Amino acid sequence: MKPRAYPLCALLAVAIMVFVLLRFGLSLGTLLLALLLAACPWGVIWLSYRLARQAESEIDQAVAANKPDEHDSQHGKGA
């Protein structure tokens, strides 16, 4: 899913939540459905943030693992 689609999905979930509450009134079922729809955007935001941090951490680990190899190979060329 493209990054621009995330806000659109969140906006759509909130719009459906408001529509359900206005159309069917306030009851236990509609309130639970509205809370479920409200939780979806937060879940997507949390998941995106967690995956971005994980990818950043993996990139940092890969760079750190390759740094000593590059440093050793530069000294080997000069000798």
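Description of the structure in this document. (Residues numbered from 1 in each chain as written. Predicted model: local features only at pLDDT ≥ 70, side-chain atom pairs only at ≥ 80, totals over all residues. Heavy atoms only, no water.)

Of regular secondary structure, the protein possesses two helices and zero strands. Counting over 79 residues, the protein shows a buried share of 10%. Counting only carbon and sulfur atoms, one obtains 70% of the accessible surface of the protein, whose full area is about 6,800 Å². (Helix = DSSP H or I, 4+ residues; strand = E, 2+ residues; numbered from the N terminus. Buried < 20%, exposed > 50% of the residue type's maximum accessible area, 1.4 Å probe, protein only. Areas by Shrake-Rupley, 256 points an atom, 1.4 Å probe, with all protein chains shown as cover.)

Along its 20 residues, helix H1 (residues 5-24) runs 28 Å from first to last C-alpha, staying within 8% of the 28 Å computed at 1.5 Å per residue. Among all positions in H1, only Ala10, Ala13, Met17 and Val20 are buried. End-on view of H1: buried residues confined to an arc of 90°, all on one side of the axis. With respect to the buried face of H1, the exposed residues turned more than 90 degrees away are Pro7, Leu8, Leu11, Leu12, Phe19, Leu22 and Arg23. Backbone geometry just downstream of H1 places Gly25 in the positive-phi region, at approximately 80°. (Expected span 1.5 Å × (residues − 1). Arc of directions from axis to C-beta.)

All quantities given are derived from atomic positions and should not be read as evidence of function.
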